[in-house]
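Now for the letters of each chain:
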Amino acid sequence: DEIKAFAREIVEREIERHAADGLGMVDYALASGGGRVLRHSEPYGFVKVAAGGVWLMNRNRVSNEAEKMIRPSFGEPGQCFALKGGSGFVEIRLRTAIVPEAVTLEHVAKSVAYDRSSAPKHCRVSGWMQGQDSTDLEISNAKMFLLTEFTYDLEKSNAQTFKVEPAAFNLVNTVRLDFTSNHGSATHTCIYRLRVHGHEPSPVPAMEILI
Amino acid sequence: DEIKAFAREIVEREIERHAADGLGMVDYALASGGGRVLRHSEPYGFVKVAAGGVWLMNRNRVSNEAEKMIRPSFGEPGQCFALKGGSGFVEIRLRTAIVPEAVTLEHVAKSVAYDRSSAPKHCRVSGWMQGQDSTDLEISNAKMFLLTEFTYDLEKSNAQTFKVEPAAFNLVNTVRLDFTSNHGSATHTCIYRLRVHGHEPSPVPAMEILI
Amino acid sequence: DEIKAFAREIVEREIERHAADGLGMVDYALASGGGRVLRHSEPYGFVKVAAGGVWLMNRNRVSNEAEKMIRPSFGEPGQCFALKGGSGFVEIRLRTAIVPEAVTLEHVAKSVAYDRSSAPKHCRVSGWMQGQDSTDLEISNAKMFLLTEFTYDLEKSNAQTFKVEPAAFNLVNTVRLDFTSNHGSATHTCIYRLRVHGHEPSPVPAMEILI
Ligand SMILES: [K+]
Ligand SMILES: [K+]
Ligand SMILES: [K+]
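Residues numbered from 1 in each chain as written. Chains lettered and ligands numbered in written order. Predicted model: local features only at pLDDT ≥ 70, side-chain atom pairs only at ≥ 80, totals over all residues. Heavy atoms only, no water.

Some thoughts on the packing of helix H1 (residues 2–19) of chain A against helix H1 (residues 2–19) of chain C
And then number 1: Where H1(A) meets H1(C), the closest approach of the two axes is 10 Å, and the angle between their N-to-C directions is 30°. As summarised for this structure, H1(A) and H1(C) are arranged roughly parallel, according to the angle between their axes. For the crossing formed where H1(A) meets H1(C), the hand is right-handed. Residues Ile3(A), Phe6(A), Ile10(A), Val11(A), Arg13(A), Glu14(A), Ile15(A) and His18(A) of H1(A) lie in contact with H1(C), whose contacting residues are Ile3(C), Lys4(C), Ala7(C), Arg8(C), Val11(C), Ile15(C), His18(C) and Ala19(C).
And then number 2: For the contact of H1(A) with H1(C), the residue count by class is ten nonpolar, two polar and four charged. (Axes fitted to C-alpha atoms, helices over the stretch in contact; angles between N-to-C directions. Helix = DSSP H or I, 4+ residues; strand = E, 2+ residues; numbered from the N terminus. Parallel < 35°, antiparallel > 145°, perpendicular 65-115°, else oblique. Left-handed = near helix turned anticlockwise from the far one by under 90°. Contact = heavy atoms within 4.5 Å. Nonpolar A, V, L, I, M, F, W, Y, C, P; charged D, E, K, R; others polar.)

So this is what it looks like as structure tokens:
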């Protein structure tokens with residue numbers, strides 16, 4: 001009976017976590033939470049159309065497909081943003097400024113994938129604070145700092161979480177993922193989902209400071 | 001071995017229930033099943049536009065966002081309908097007339113939520129029968145009766161089911177949720193999902209009655 | 001402790017499979033993977049409009065609803081393609097040519113269904129290779145061969161997988177489901193999802209052949 005109760009407890013906890021966006025961790029990059037894609041390198045399969053470009057890219061020249069990176073994939077192959085070549089980048093404005101603690105890079109699960117050679121391999125995630133009304137999307141590298149550097153491993157779980165270096169516990173509202181290689185595809189690299197975890201800074205407790 | 005079989009059985013049953021819309025209970029308010037939103041109090045963040053109102057509200061003055069309340073949330077923060085203030089109401093036409101047995105109010109899971117102060121707190125669900133061709137959406141209070149009154153508890157599971165009082169086992173095709181308080185937000189209240197459970201009345205067994 | 005580890009292992013494996021499109025099997029018919037509906041018998045509830053037909057059917061006279069058959073259902077009743085009557089057919093172009101090994105027919109789960117009389121009953125799945133630029137959709141029956149013949153059983157799991165006869169391990173890029181009966185509905189039959197499993201043919205190992 002003790003064992004039965006224990007088994008039931010594990011099952012309920014794990015299903016609850018699965019139901020809570022798979023990881024049960026708050027994601028500040030999520031589109032439905034207010035995250036949005038600011039920029040990216042050249043998309044794969046992008047059709048250049050003179051006049052009709054309007055429905056393929058919004059005015060900031062962000063592909064309409066790009067938002068797939070900040071939406072759940074629900075186990076479906078193809079629910080990703082495909083970028084041209086084996087290296088590239090994406091920049092995401094978070095829903096609010098946070099102190100970043102971890103990032104998660106997700107690819108499609110092995111058991112349902114047609115081909116995983118398009119998964120990113122060597123990656124670097126950076127962050128910085130950027131003004132909301134910044135019309136110039138070119139940011140100065142001086143403001144950007146490294147959050148974490150990692151290799152996405154095809155043999156591990158399909159959603160892989162990487163801790164941010166404590167040295168980088170500074171406020172950011174924008175993050176950038178640079179991938180410098182993928183798992184073999186000569187033509188493109190797919191980003192299924194990028195999540196950014198952390199905490200919002202506490203409002204300064206003015207009373208305590210004064211006392 | 002007996003224990004292994006038992007563990008496997010629990011796991012399969014719980015995953016099956018999770019896969020069956022989370023609760024494994026028929027929902028007569030669900031949009032894909034034919035439910036629809038008839039009316040609601042003022043939406044939060046609604047932009048009043050003279051001419052362009054057409055794409056923000058349909059002709060019955062129902063916000064296009066309102067349907068989110070009768071669609072699954074899939075663990076995503078933001079997949080809700082936000083109403084202005086700490087009190088308000090929504091009215092939903094069910095797919096068909098039923099004898100109501102329970103209602104479920106769902107909010108986003110704690111582990112992935114940015115802030116849960118917008119969750120409804122004190123709630124009242126009422127029901128009645130309304131003609132399909134009723135052009136006047138103002139219903140007479142005389143026809144409406146209470147199904148259940150409850151408090152949404154932030155410490156419990158995120159989808160909370162409340163039984164309908166046996167005294168209210170009468171046929172309804174329309175339900176109304178009134179919330180009179182929320183969990184702290186001064187600006188808005190979010191409804192992630194409202195489900196209505198029950199059974200369709202059996203067709204009168206004419207033969208048996210005659211015999 | 002051994003038992004605890006075992007329970008945890010089962011839970012993790014089963015949730016992983018559930019998260020991997022429910023079955024953890026590659027599906028070559030999936031819309032997000034490149035599958036598409038080529039033809040089908042008369043849809044149920046199809047409104048014939050002289051001029052406005054454009055938004056109800058695409059130019060190949062495929063209903064816009066048809067794609068629901070090759071998309072996940074996520075436990076929602078209503079996420080299906082409804083065809084008129086108790087018999088009919090659908091034809092699907094796979095993402096690529098494969099050697100078929102199994103097909104899965106899915107209906108809505110019993111616990112959340114309003115009515116399951118619209119589920120298909122006696123079914124036959126056939127396959128063949130069809131040219132990509134074939135403008136004539138009428139295929140010669142000579143090219144088509146049977147993959148499997150089965151009965152969808154309302155008492156079993158809602159996603160039922162049927163093996164392809166080894167005699168039919170031939171390359172196909174198109175499949176056809178014929179249903180000759182349903183579970184009782186006089187008006188229509190619903191296809192929630194049809195999946196096609198198998199493997200892509202290995203590229204011919206030219207060196208080995210030469211040696
Ligand atoms: K995605
Ligand atoms: K929802
Ligand atoms: K479906």
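Next comes the rest of the account.
Concerning the coordination of the potassium ion (ligand 2)
And then number 1: For the potassium ion (ligand 2), the protein coordination sphere consists of Lys68(B) (O), Arg71(B) (O), Ser73(B) (OG), Gln79(B) (O) and Tyr192(B) (O), at 2.6 to 2.9 Å.
And then number 2: Along the chain, the residues donating to the potassium ion (ligand 2) fall in the pattern K-x2-R-x1-S-x5-Q-x112-Y. (Donors = N, O, S within 2.8 Å, 3.2 Å for Na, K, Ca; no water.)

Side note on the coordination of the potassium ion (ligand 1)
And then number 1: Within the protein, Lys68(A) (O), Arg71(A) (O), Ser73(A) (OG), Gln79(A) (O) and Tyr192(A) (O) serve as the donor atoms for the potassium ion (ligand 1), at 2.6 to 2.9 Å.
And then number 2: In the primary structure, the donors to the potassium ion (ligand 1) are separated according to the pattern K-x2-R-x1-S-x5-Q-x112-Y.

Some details on the interface of chain C and chain A
And then number 1: Listed per partner, the contact involves 23 residues of chain C and 19 residues of chain A.
And then number 2: For the chain C face of the interface with chain A, the top three residues by lost area are Arg8(C), Ile15(C) and Ser32(C), together amounting to 24%.
And then number 3: For the interface between chain C and chain A, the tally reads zero salt bridges.
And then number 4: For the pair chain C and chain A, the interface holds five residue pairs in polar contact (both at pLDDT 80 or more).
And then number 5: For the side of chain C that touches chain A, the leading source of residues is H1(C), giving eight residues. (Buried area = accessible area lost by both parts, 1.4 Å probe. Salt bridge = Lys/Arg side-chain N within 4 Å of Asp/Glu carboxyl O. Polar contact = N/O pair within 3.5 Å; in protein donor to acceptor, adjacent residues only side chain to side chain.)

As for the relation of the copies chain A and chain B
And then number 1: For the pair chain A and chain B, the relating rotation is 120°, the translation along its axis is 0.0 Å, and the fit reaches an RMSD of 0.0 Å. A rotation of that kind, with that shift, is consistent with a three-fold axis. (Least-squares fit on C-alpha atoms with pLDDT ≥ 70 in both.)

Overview of the interface of chain A and chain B
And then number 1: Of the residues lining the interface, 23 residues belong to chain A; the matching set on chain B comes to 19 residues.
And then number 2: For the pair chain A and chain B, the summed buried area comes to about 1,800 Å², and 69% of that belongs to carbon and sulfur atoms.
And then number 3: The tally of links from chain A across to chain B stands at zero salt bridges.
And then number 4: Our count for the contact surface shared by chain A and chain B stands at five residue pairs in polar contact (both at pLDDT 80 or more).
And then number 5: Of the residues forming the side of chain A that touches chain B, the biggest block, eight residues, is contributed by H1(A).
And then number 6: Across the side of chain A that touches chain B, the residue classes break down as twelve nonpolar, four polar and seven charged.

Side note on the packing of aromatic side chains
And then number 1: Counted by the stated rule, this structure contains nine aromatic pairs over all chains.
And then number 2: With a centroid separation of 3.8 Å and 10° between ring planes, the pair formed by Phe150(B) and Phe162(B) is classed as stacked. Taken together, the residues Phe150(B) in strand S5 (residues 145–151) and Phe162(B) in strand S6 (residues 159–163) connect sequence positions twelve residues apart. When sorted by exposure, Phe150(B) lands in the same class as Phe162(B), which is buried.
And then number 3: A cation over a ring is seen here: Arg176(A) above Phe89(A), with NZ or CZ 3.9 Å from the ring centre.
And then number 4: Residue placement shows Arg95(C) over the ring face of Tyr114(A); its charged tip is 3.8 Å from the ring centre. (Phe/Tyr/Trp six-rings, centres within 6.5 Å; stacked < 30°, edge-to-face > 60°. Buried < 20%, exposed > 50% of the residue type's maximum accessible area, 1.4 Å probe, protein only. Lys NZ or Arg CZ within 6 Å of the ring centre and 35° of its normal.)

With respect to the confidence of the model for chain A
Residues and elements named next belong to chain A.
And then number 1: For chain A, per-residue confidence averages 88 on the pLDDT scale, and 84% of positions sit at 70 or higher.
And then number 2: Every residue in residues 48–55 scores below 50 in pLDDT, and together they form three contacts with partners more than four places removed in sequence or on other chains.
And then number 3: In the predicted complex, the global pTM is 0.89; the interface-specific ipTM is 0.88. (pLDDT = per-residue confidence, 0-100.)

Here we look at helix H1 (residues 2–19) of chain B
All names here are of chain B.
And then number 1: Along its 18 residues, H1 runs 26 Å from first to last C-alpha, staying within 8% of the 26 Å computed at 1.5 Å per residue.
And then number 2: Taken together, the buried positions of H1 are Phe-6, Ala-7, Ile-10, Val-11, Glu-14, Ile-15 and His-18. With its buried residues spanning 155° around the axis, H1 presents them on a single face. Of the exposed residues in H1, the ones pointing more than 90 degrees away from its buried face are Glu-2 and Glu-16. (Expected span 1.5 Å × (residues − 1). Arc of directions from axis to C-beta.)

A word on a nonpolar patch on the surface
And then number 1: A cluster of nonpolar side chains, namely Ile3(A), Ile3(B) and Ile3(C), defines an oily patch on the protein surface of about 210 Å² accessible area.
And then number 2: Following the sequence through the fold, Ile3(C) ends up in helix H1.
And then number 3: On the basis of relative accessibility, which here comes to 34%, the residue Ile3(C) falls in the partly exposed class. (Patch = residues over 30% accessible without salt bridge, like charges linked within 9 Å, V, L, I, M, F, W, Y side chains within 5 Å. Areas by Shrake-Rupley, 256 points an atom, 1.4 Å probe, with all protein chains shown as cover.)

A closer look at the side chain of Arg116(A)
Residues and elements named next belong to chain A.
And then number 1: In this fold, Arg-116 is placed in the loop between strand S3 (88–106) and strand S4 (122–128).
And then number 2: Despite being buried, Arg-116 has no salt bridge partner; Glu-155 is the closest side chain of opposite charge, sitting 4.6 Å away.
And then number 3: Among the polar contacts listed, one links the side chain of Arg-116 to the backbone oxygen of Leu-154, at a separation of 3.1 Å.
And then number 4: Here Arg-116 is in contact with His-107, Val-108, Lys-110, Leu-154 and His-183, once residues within four sequence places are set aside. (Lys, Arg positive; Asp, Glu negative; His and termini not counted.)

Observations regarding the pattern of salt bridges
And then number 1: Inspection of every chain in the model, using the stated rule, returns 42 salt bridges over all chains.
And then number 2: Close ionic contact of Arg193(B) with Asp21(B) constitutes a salt bridge, the shortest N to O distance being 2.8 Å. Taken as a pair, Arg193(B) in strand S9 (residues 193–199) and Asp21(B) in the loop between H1 and strand S1 (36–40) lie far apart in primary sequence, 172 residues in all.
And then number 3: Notably, a salt bridge pairs Lys68(B) with Glu65(B), separated by 3.0 Å at the nearest N-O pair.
And then number 4: Relative accessible area serves as the criterion here: at 40%, Glu65(B) is assigned to the partly exposed category.
And then number 5: Taken together, the salt bridges that share partners define one network made up of Asp21(A), Asp27(A), Glu106(A), Arg193(A) and Arg195(A).

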